[in-house]
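Coordinate inspection notes
Residues per chain, in single letters:
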Amino acid sequence: MTLNVKCPECDGEIEIPSDVISGEIVSCPDCGMDYEVVLTEDGGIELKPAEIEGEDWGE
Amino acid sequence: MKEISLVYDRIRWEEKALIKAARNENVDLKLVDSKGVYIDTLKEPSKLKVDFGEVVIQRCISYFRGLHITATLESKGLYVINPFDVSLVCGNKLFTTLALVKAGVPVPKTLIAFTDEGAFKALKELGYPAVMKPVVGSWGRLVALVKDDDSARALIESRKETRNALLQIYYFQEYVERPPRDIRILTIGDEVVAASYRYSPSGDWRTNVARGGVSKPCPLTEEVRETALKASEAVGGGVLAVDCMESPYGLLVHEVNSTVEFRGLYSATGVDIARRIISYAVEVARR
């Protein structure tokens, strides 16, 4: 089961897997924009632009 | 049992694997997105424990964010995996090298300089080719192979222009004659869990999986085990990935990672690393 959400940037269709975890990154297949999935308290799904890679990112 | 949390800022493959492993082991793992939290430093530890539990698996992709969260939680008596001192040392390549040298773990010849002037002198002593790395950074980012004076000048000048304080610290290592691979060894506590070879992708000499490096299983020989445990102990222990190279004189450790990415290692060895990390957290929580 997946859910489709509209890309805030280009209006493309982004597929969200049903077992998505808040904080996961999804990409718009049309424009390539990366979003972080935010699960709201009322069970809704919001997308916010993903953080851009910082110079201290890694392992 | 004390409550366990996972503190993150991005859900990578590894965080998903940890969440799944906790579910399979019937461990109630609290998920805390660090991007949305603030912590009052005067807050009673008992209030912090409501959100974070008492044992925290700190998995932030941003090193400084994770380090500061670890410092805060640890000062309130929470146990963080990995502890602050370990994260501090492992997050800085010079601090790691110093800890390894002190413990007698073999490392590549490493020189450190603090200005461009010192950097040129260090390179003169080390000779070419040399490897230049930022002291803080991961995934092979800005790791450069310096082949001659001209490329050295270009690299050092461009670092100077960035006005980034950390990039004014010059960390150089000898280029070790090695097969086109390095070895990653995962240690948890005093156990060696798995090891993989990481082969550099075509067109790059770096072996980082984040750069397209490919993982293959590596046998846990006595030398591999011993090197990994010594290196892990040298930086303070915990859940760690020890990276080393096969030099003509034996294994040389060049890095120890404290927020381990283990997707490549898992795909190469099939070892359920996520489950092992959760079990370790449970063991800590039972103490």
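Heads up: the structure comes first, above all this text.
I will try to describe carefully the structure that is included in this document. On a predicted model such as this, the values are computed, not experimentally measured, just so you know. (Residues numbered from 1 in each chain as written. Chains lettered and ligands numbered in written order. Predicted model: local features only at pLDDT ≥ 70, side-chain atom pairs only at ≥ 80, totals over all residues.)

Each helix and strand in chain B was counted, giving 10 helices and 13 strands. Computed over its C-alpha atoms, the radius of gyration of chain B comes to 20 Å, within 12% of the 19 Å expected for a compact globule of 287 residues. Excluding contacts between residues fewer than 6 apart, the proportion of contacts in chain B whose partners are at least 24 apart in sequence is 67%. (Helix = DSSP H or I, 4+ residues; strand = E, 2+ residues; numbered from the N terminus. Rg over C-alpha atoms; globule rule 2.2 N^0.38 Å. Contact = placed C-beta atoms within 7 Å.)

Looking only at helices and strands, chain A has zero helices and five strands in total. Order of helices (α) and strands (β) in chain A, N terminus to C terminus: β-β-β-β-β. When its C-alpha atoms are laid out on the principal axes, chain A stretches across 35 × 25 × 20 Å. Residues counted as buried form 22% of the 59 residues belonging to chain A. The contacts in chain A between residues at least 6 apart in sequence include a share of 14% that link residues at least 24 apart. (Buried ≥ 20, exposed ≤ 12 C-beta atoms within 10 Å, placed from the backbone.)

Before going further, it helps to spend a moment on the nonpolar core. Generally speaking, soluble globular proteins have nonpolar side chains that are buried together. Residue and element names in this part refer to chain B. Of all hydrophobic cores here, the largest spans 60 residues; its most connected members are V56, L186, A231, V235, V242, V253 and I273. Ranked by residues supplied to this core, first place goes to strand 12 (residues 239-247) with six residues. For this core, the two domains that each supply at least three residues are domain 1 (4-88 + 279-286) and domain 3 (177-273). The next biggest cluster of nonpolar side chains, apart from the first, holds 13 residues, and it includes A122, M132, Y170 and Y171. (Core = buried A, V, L, I, M, F, W, Y, C linked by C-beta atoms within 7 Å. Domains from an automatic or database assignment.)

On to the pairing of strand 12 of chain B, then. All names here are of chain B. Summarising the sheet, strand 9 (residues 181-188) and strand 12 pair through six bridges and their orientation is antiparallel. Bridging across to strand 12, I183 finds its partner in C244. Relative to strand 13 (residues 250-257), strand 12 runs antiparallel, the two being bridged by seven bridges. Note on strand 13: the bridge partner recorded for E246 is L251. In this antiparallel pair of consecutive strands, strand 12 and strand 13, the connection spans two residues. (Pairing = 2+ DSSP bridges.)

Residues and elements named next belong to chain B. Helix 7 (residues 149-161) packs onto helix 6 (residues 116-126) with a crossing angle of 155° between their chain directions and a minimal axis gap of 11 Å. Comparing the axis directions of helix 6 and helix 7 gives the class roughly antiparallel. Viewed along their axes, helix 6 and helix 7 form a crossing whose handedness is right-handed. Every residue of helix 7 that contacts helix 6 at D116, A119, F120 and L123 is listed here: A152, I156 and K160. (Axes fitted to C-alpha atoms, helices over the stretch in contact; angles between N-to-C directions. Parallel < 35°, antiparallel > 145°, perpendicular 65-115°, else oblique. Left-handed = near helix turned anticlockwise from the far one by under 90°.)

Across the boundary between the two partners, chain A contributes 11 residues, which contact 18 residues of chain B. Among the residues making up the side of chain A that touches chain B, the classes are represented as three nonpolar, four polar and four charged. (Nonpolar A, V, L, I, M, F, W, Y, C, P; charged D, E, K, R; others polar.)

A few words now on the pairing of strand 8 (residues 170-174) of chain B. Along a regular strand, successive side chains alternate from one face of the sheet to the other. Residue and element names in this part refer to chain B. Counting buried residues in strand 8 gives four out of five residues, a clear majority hidden from the surface. Bridge count between strand 5 (residues 110-113) and strand 8: four bridges; the pairing is antiparallel. The residue bridging I112 from the neighbouring strand is Y171, located in strand 8. Two strands pair when backbone bridges link them, and strand 6 (residues 130-133) and strand 8 are joined in this way by four bridges, in the antiparallel orientation. The partner of V131 across the bridge, within strand 8, is Q173.

A few words now on the sheet that holds strand 4 (residues 79-81) of chain B. All names here are of chain B. Read across the sheet, four strands follow the order 2-1-3-4 without closing on themselves; strand pairing throughout is parallel. Single-partner strands in this sheet number two, and they are strand 2 (29-33) and strand 4. Direction aside, neighbouring strands of the sheet carry axes that sit 25° apart on average. Examined bridge by bridge, strand 1 (residues 4-8) and strand 3 (residues 55-58) share four bridges and lie parallel to one another. Across the sheet, residue I4 finds its bridge partner in strand 3, namely V55. Docked against the sheet, helix 3 (residues 63-75) engages strand 1, strand 3 and strand 4, running at close to 170° with respect to strand 3. Set on the sheet, helix 10 (residues 273-286) makes contact with strand 1, strand 3 and strand 4; between it and strand 3 the angle comes to about 155°.

No statement about biological role is implied by the geometric values presented.
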